[in-house]
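Chains, contacts and geometry: an overview
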Amino acid sequence: MNMVSCLLGLLLVVSVSVKDAKSEIRVPPTILSPREGQTLIYKQYQKVTVYCNATGTPKPKYKWKWNGAEINSQHIKYNETDGHLDIPSLSERDEGIFVCLATSTFSKEEKAVALSPLVEIRVARVGDFIKRPTEYYNVKEGMYIKLPCDKELPAYYGATTFKWYKTYDQKNTEIFMDARKFIDQEGSLHFSYAQTDDQSARDEKYKCAMSNVDSSVIKLGNENSLQVNSNGSSIPDSSPHVQYTTSGKLLTVEVGKNATLECVFSGYKAGGSNNKTVPVITWLDQLQQPIGDGGRYQITHEGRSLIIMNVTEEDEKTYHCQGTNLLGSAIGNLTLNVTSRPIWVQRVPSVTLTEGKDAELTCVTRSASNEAKPNAPIWLRNGESMTSGYDPSKYVFNPDKTILTIKHVKKDRDIACYQCEVANSVGMVQDDGCVNVVVPISISVKPNEIQRVKKEDVVELTVVATTDPLYESEMRYSWIFKNVTYEGSNAPPNVTYDAVSKRAYINTSVLTDEELKKIVGIYRRVITTPVETKHIDVEVKLEAKKTEPVVNEAGFDFWLIILAVGIFIVLIVLIVTIYSSCRRKQQEGTYPVDKKETAAGLDPEKELMNSRFHDII
């Protein structure tokens, strides 16, 4: 048994040595951050550092690309060892779309390259207004009027606010919102009803201003002049009328973002409800049920704004704003369109499988409800497009390209990362998944499948396996015998097992007859890794005993007596037979001589007596 253990240990050492010479631990890179596409806004000249972190074996090296090309700029640097991207002083020249590449390089220069989601970096700013001539507006006192911020707003990045000023001789007086005045999300200034003091004085102008939350710079727009014609008396009462509701692109909101719905009503009532001269605004859902301020809903600006936080597809419906005063009411209808970039149904997985199998990668998306279907996916291998030049017998796509199958994978050539890009009218999403291939479990020592044994025999149950070095430490052995599982160093009854050498056997010489009967059955040896399970079955049977003749016992072993008597009789018969035969021959040989001598007058008996040996004195 010691010799067997020694040989098994030697076998293990040899197998490991051979395996280490031919294999290595390979794990393709997985990018941990950033995991989602993002837009990062920084102040002008701010230092920017973006980190890219990935796992993999060998340890990945990093590269960043800028607007789809290699970075060739003195102002943008990256560290290929720890992955961080540095822009010491961000300006508009450094803006763009960045992507991180993490590369693990194996022996024979085989590589796996993972790509991060897109990172957009922008300077927080507001562009300049296009210079235009003064716009003139004329309104009758008590009537509604709207002053647009500009015909075309300048480009801006980051959270931006709108303000209005009355300017005169380098002096800017801010106009604040109240129950009568409102600035919508496009920057337009609304008056529910105009008053004479809203009028632009001589050389006084209205100007819209835009400012970025992260910037102290305020950009003033073009001049507007407002003329308010007096009634000559008090403002007449009037019932509510819908003058403005959010429309166009502002009613289309991506899933996960906030939707802002706005309504402005005209109407006047002196000493109206709650001492307000303007209509009171309430919000209703599509079932005409009131929407209260709280939870995912925020109602602001005297009720003119309804903010729906973190919209979902279920928020796509028609909402109603109702303006009411003592003279009546009016309702505005706003239909919210919830849209989205392609929404993931099945992201690209990372898979590990054994050699010879087929790897299947999925890339399934959908658009938001009632939106056009996304375009067909575009696939990349290690960041390189697979639109052409690939082996169609090796890389197989289903008709809509949502499933990629890599056939009969091998460790030395098929470990790689795959990227899937899907676009629709709103935008594009990208995902990254890697294929890792490992050497399968190999059984290096196994016993005979059927073993017939009898008392004093040894039942051999030793099973030794090897696997890919990636999973050596995770390979587990267990037994299943008569529907009972034995794990770790445990073994079925009467089995002697060494967890180090994996030597396993049953020594029947130490078993009772009853214990011997219980070892009969199938011993299943199960070997598992995180990606594979194999088993070896050994069936143990007992040999049948030879049938011996049965003699009834008496008080004494009579069969011995019978045997002795039989032998004695045979001997007597044999002696008698021999004696008779000899006697007969003797008689036949002497009878004629005696007759002849007697006839001649001789006495043979007397002569015989005289010629015998004499006693010695």
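This text gives an overview of the structure that appears in the document. Computed from a predicted structure; not experimentally measured. Numbers given to residues run from 1 along each chain, matching the order in which its sequence is written. In keeping with the predicted nature of the model, local features appear solely for residues at pLDDT of at least 70, side-chain atom pairs appear and are counted solely at 80 or more, and the whole-chain, interface and lining totals rest on all residues. To obtain the side-chain values, all non-hydrogen atoms of the structure were included, while hydrogens and water were left out.

Some details on the sheet that holds strand 26 (residues 297-300)
Going by this rule: Between any two strands, pairing holds if DSSP finds at least two bridges. A run of DSSP states H or I qualifies as a helix once it reaches four residues; a run of E qualifies as a strand once it reaches two. Both are numbered from the N-terminal end. Lines fitted to C-alpha atoms define the axes, with helix axes restricted to the stretch in contact, and inter-axis angles between N-to-C directions lie between 0 and 180 degrees.
Ordered in space as 22-24-27-26, the four strands form an open sheet in which the pairing is antiparallel. Two strands close off the open sheet at either side, each with one partner strand: strand 22 (238-245) and strand 26. On average, adjacent strands in this sheet sit at an angle of 20° to one another, irrespective of strand direction. Of the pairings in the sheet, the one linking strand 24 (residues 259-268) to strand 27 (residues 305-308) comprises four bridges and is antiparallel in character. Opposite E262, over in strand 27, you have S305 as the bridge partner.

Let's talk about the side chain of S305
So the rule is basically this: When accessible area is computed with a 1.4 Å probe and restricted to protein chains, residues below 20% of their type maximum are described as buried, those above 50% as exposed, and intermediate ones as partly exposed.
Within the secondary structure, S305 is located in strand 27. With relative accessibility at 1%, the residue S305 sits in the buried group.

Quick word on the pattern of salt bridges
Going by this rule: Here a salt bridge means any side-chain nitrogen of Lys or Arg lying within 4 Å of a carboxyl oxygen belonging to Asp or Glu.
A complete count under the given rule lists 27 salt bridges for this structure. Linking D150 and R132 is a salt bridge whose minimum nitrogen-to-oxygen distance equals 3.0 Å. Residue D150 is found in the loop between strand 14 (145-147) and strand 15 (156-157), and its partner R132 is found in the loop between strand 12 (125-126) and strand 13 (135-140); the two are separated by 18 residues along the sequence. Residue classification places D150 among the buried residues on the basis of a relative accessible area of 13%. For K269, the salt bridge is made with D237, and the minimal N-O distance between the two is 3.5 Å. Taken together, the residues K269 in the loop between strand 24 and strand 25 (280-284) and D237 in the loop between strand 21 (218-229) and strand 22 connect sequence positions 32 residues apart. Its relative accessible area of 40% is what places D237 among the partly exposed residues. One salt-bridge network, in which partners are shared between bridges, spans E92, E95, E120, R122 and R125.

A look at the pairing of strand 50 (residues 532-542)
Both faces of the sheet carry side chains from a regular strand, because those side chains alternate between them. Here strand 42 (residues 450-453) runs beside strand 50; their pairing, made up of four bridges, is parallel. Bridge assignment links I450 to a residue of strand 50, and that residue is E539. Summarising the sheet, strand 49 (residues 521-529) and strand 50 pair through nine bridges and their orientation is antiparallel. Counted as the bridge partner of R524 is D537 from strand 50. If you look at the hairpin formed by strand 49 and strand 50, you'll find two residues sitting between the two strands.

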